[in-house]
Amino acid sequence: ILSVINEVKAGEIAAPVEEGANEPLLDVATIAPGSIKKERIGAFGSKEWMLSNGVKVVYMPTTLKNDQVIFELVKNGGSSLIETAEIPSLDENVWALYTQNRGLSKFNGVQLRKMLTGKNVSCGVEIETTRHAITGVSTPKDLETAMQLLYLNIMEPRFDTEEYMIGVNQLKAMLP
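Student: Any chance you could break down the pattern of salt bridges for me, citing the residues and the numbers?
Tutor: Per the stated rule, a full pass over the model turns up eight salt bridges. Here Glu48 and Lys56 are joined by a salt bridge, their closest N and O atoms 3.8 Å apart. Using a relative accessible area of 12% as the deciding quantity, one classes Glu48 as buried. Through salt bridges with shared partners, a single ionic network connects Arg40, Glu48 and Lys56.

If you want it as structure tokens, here you go:
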């Protein structure tokens, strides 16, 4: 046993190479910038911007939590837009487990979580009966990462059967 231990100690063990771990979430140079088409003061001192892509942004600064940025992108529709036969695939429990396990773009869930290690950011998709949204929370320091996650959720979502089945199998394991 000691000779095996000594052999292992003397040997060289290479660290595993993580695919995508050192890659950026996205290449921002490939994104065509938009512009603010209209600007006005909104309710309670907020600022409203209408962007060139048709998105309305409402910016509401507060002193309540200076280290927190909360954002929400909302659209009417939700599960009311989904075919009746597909509704069971969006069961609240399955959807919650899927969103915990899924990745974005070319990064699987494990890679994405490793890439976000040390960052104070979250961004997720919500589907309700009559609306769907992408919501997120970040610190000002990690806001760029949060906006990249928001962008990827819209432009490069990842729908992977294996990641979906992880959630389904976790639920099946709970059944008697």
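Student: Break down unusual backbone geometry for me, citing the residues and quoting the values.
Tutor: Although it is not a glycine, Phe44 adopts a positive phi angle of roughly 60°. Of note, Phe44 is situated in the loop between strand S1 (36-41) and strand S2 (47-51). Taking relative accessible area as the criterion, Phe44 reaches 79% and is therefore assigned exposed. Although it is not a glycine, Ser105 sits at a positive phi angle of roughly 55°. Here Ser105 is to be found in the loop between helix H2 (92-101) and helix H3 (109-115).

Student: Run through the pairing of S1, naming residues and quoting values.
Tutor: Of all six residues making up S1, only zero are buried, and the element is barely covered by its neighbours. Strand direction decides the pairing type here: S1 and S2, joined by five bridges, are antiparallel. Residue pairing across strands places Lys38 opposite Met50, the latter belonging to S2. Two successive antiparallel strands, S1 and S2, enclose a turn made up of five residues, where Phe44 displays a positive phi of approximately 60°.

Student: I'd like a description of the environment of Glu7, backed by residues and values.
Tutor: Take Glu7: it is sitting in helix H1 (residues 2-10). Judged by its relative accessible area of 62%, Glu7 is exposed. Put simply, Glu7 and Ile127 are 120 residues apart on the chain and 55 Å apart in space, counted from C-alpha to C-alpha.

Student: Which residues make up the sheet that holds strand S4 (residues 69-76), and what values go with them?
Tutor: Read across the sheet, three strands follow the order S4-S6-S5 without closing on themselves; strand pairing throughout is antiparallel. Edge positions in the sheet fall to S4 and strand S5 (121-127), since each of these pairs with one other strand and no more. Taking each pair of neighbouring strands and ignoring which way they run, the sheet shows an average axis angle of 10°. Note that S5 and strand S6 (residues 131-138) share seven bridges and pair antiparallel. Bridge pairing in S6 links Val121 to Ser138. Along the sheet, helix H4 (residues 143-155) makes contact with S4, S5 and S6, crossing S5 at roughly 30°.

Reading the values: rules and limits
- Residues numbered from 1 in each chain as written.
- Predicted model: local features only at pLDDT ≥ 70, side-chain atom pairs only at ≥ 80, totals over all residues.
- Heavy atoms only, no water.
- Salt bridge = Lys/Arg side-chain N within 4 Å of Asp/Glu carboxyl O.
- Buried < 20%, exposed > 50% of the residue type's maximum accessible area, 1.4 Å probe, protein only.
- Helix = DSSP H or I, 4+ residues; strand = E, 2+ residues; numbered from the N terminus.
- Pairing = 2+ DSSP bridges.
- Axes fitted to C-alpha atoms, helices over the stretch in contact; angles between N-to-C directions.
- Contact = heavy atoms within 4.5 Å.

Keep in mind these numbers describe shape, not what the thing actually does.
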